[in-house]
Amino acid sequence: FMVGKKIPDFINTNGEKVAIETYNKKHKIVFGQAPHGIDEWKRDREKAFSEYGWRIEFFEDKQITEQEVLRRIG
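What you are looking at is a predicted structure, and each value in this text was computed from that prediction instead of being measured.

S.K.: Could you clarify how one ought to interpret the pairing of strand β2 (residues 18–23) in this entry?
M.R.: Within a regular beta strand, the side chains point alternately toward one face of the sheet and then the other, so they alternate between its two faces. Of all 6 residues making up β2, 5 are buried, and the element is well covered by its neighbours. Relative to β2, strand β1 (residues 10–11) runs antiparallel, the two being bridged by 2 bridges. Directly across from Phe10, in β2, lies its bridge partner Ile20. Here β1 hands over to β2 after 6 residues, with Gly15 in that stretch at a positive phi of 100 degrees. When β2 meets strand β3 (residues 55–60), the two strands line up parallel, connected through 6 bridges. If you follow Ile20 over to β3, its bridge partner there is Glu57.

Take a look at the structure:
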């Protein structure tokens with residue numbers, strides 16, 4: 001599923017435009033996906049998705065639990 005030219009990790013399929021991105025800080029930086037840091041990577045992703053009316057939620061790999069995901073996306 002593409003939003004513009006970006007591919008989110010997951011999307012909400014109940015009619016709301018919610019994209020979910022999961023990440024590992026070290027991986028993003030080491031492999032050049034976030035050369036200017038995680039915060040800038042997040043801002044760039046938020047901007048790209050919001051242009052198409054999507055809200056984006058970020059989960060660092062350490063945060064991924066069923067309870068945390070449900071709390072944040074409802």
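Back to the text.
S.K.: Looking at this structure, how should I read the packing of aromatic side chains?
M.R.: Aromatic rings considered in pairs are described by the distance between their centres and by the relative angle of their planes. Evaluated as defined, the whole model comprises 3 aromatic pairs. Members of the aromatic cluster, joined through ring pairs, are Tyr23, Trp41 and Phe58.

S.K.: Looking at this structure, I do not really get the sheet that holds β1. What am I missing?
M.R.: Whenever strands of a sheet pair, they do so through backbone hydrogen bonds, lying parallel or antiparallel. Sheet architecture is open: 3 strands sit in the order β1-β2-β3, paired in mixed fashion. On the outer flanks of this sheet lie β1 and β3, each paired with one strand and no other. Its contacts with the sheet put helix α3 (residues 66–73) on β2 and β3, and the angle it makes with β3 is roughly 160 degrees.

S.K.: Can you walk me through the side chain of Lys28 in this structure?
M.R.: Turning to its location among the elements, Lys28 is positioned in helix α1 (residues 25–30). Glu21 provides the closest opposite charge to the buried, salt-bridge-free Lys28, at an N-O distance of 5.8 Å.

S.K.: Is there a simple way to think about the pattern of salt bridges in this case?
M.R.: Here the idea is simple: oppositely charged side chains can pair when their charged atoms come close. Under the counting rule described, the total for this entry stands at 2 salt bridges. A salt bridge links Glu21 to Arg45; its shortest N-O distance comes to 2.3 Å. Here Glu21, found in strand β2, pairs with Arg45, found in helix α2 (residues 38–50); they are 24 residues apart in sequence, far enough to count as distant. On the basis of relative accessible area, Arg45 is assigned to the buried category, the value being 12%. Here Glu57 makes a salt bridge to Arg55, at a shortest N to O gap of 2.5 Å. Under the relative-accessibility criterion, Glu57 is labelled buried at 14%. Since its relative accessible area comes to 36%, Arg55 is described here as partly exposed.

Conventions used here
- Residues numbered from 1 in each chain as written.
- Predicted model: local features only at pLDDT ≥ 70, side-chain atom pairs only at ≥ 80, totals over all residues.
- Heavy atoms only, no water.
- Buried < 20%, exposed > 50% of the residue type's maximum accessible area, 1.4 Å probe, protein only.
- Helix = DSSP H or I, 4+ residues; strand = E, 2+ residues; numbered from the N terminus.
- Pairing = 2+ DSSP bridges.
- Phe/Tyr/Trp six-rings, centres within 6.5 Å; stacked < 30°, edge-to-face > 60°.
- Contact = heavy atoms within 4.5 Å.
- Axes fitted to C-alpha atoms, helices over the stretch in contact; angles between N-to-C directions.
- Lys, Arg positive; Asp, Glu negative; His and termini not counted.
- Salt bridge = Lys/Arg side-chain N within 4 Å of Asp/Glu carboxyl O.

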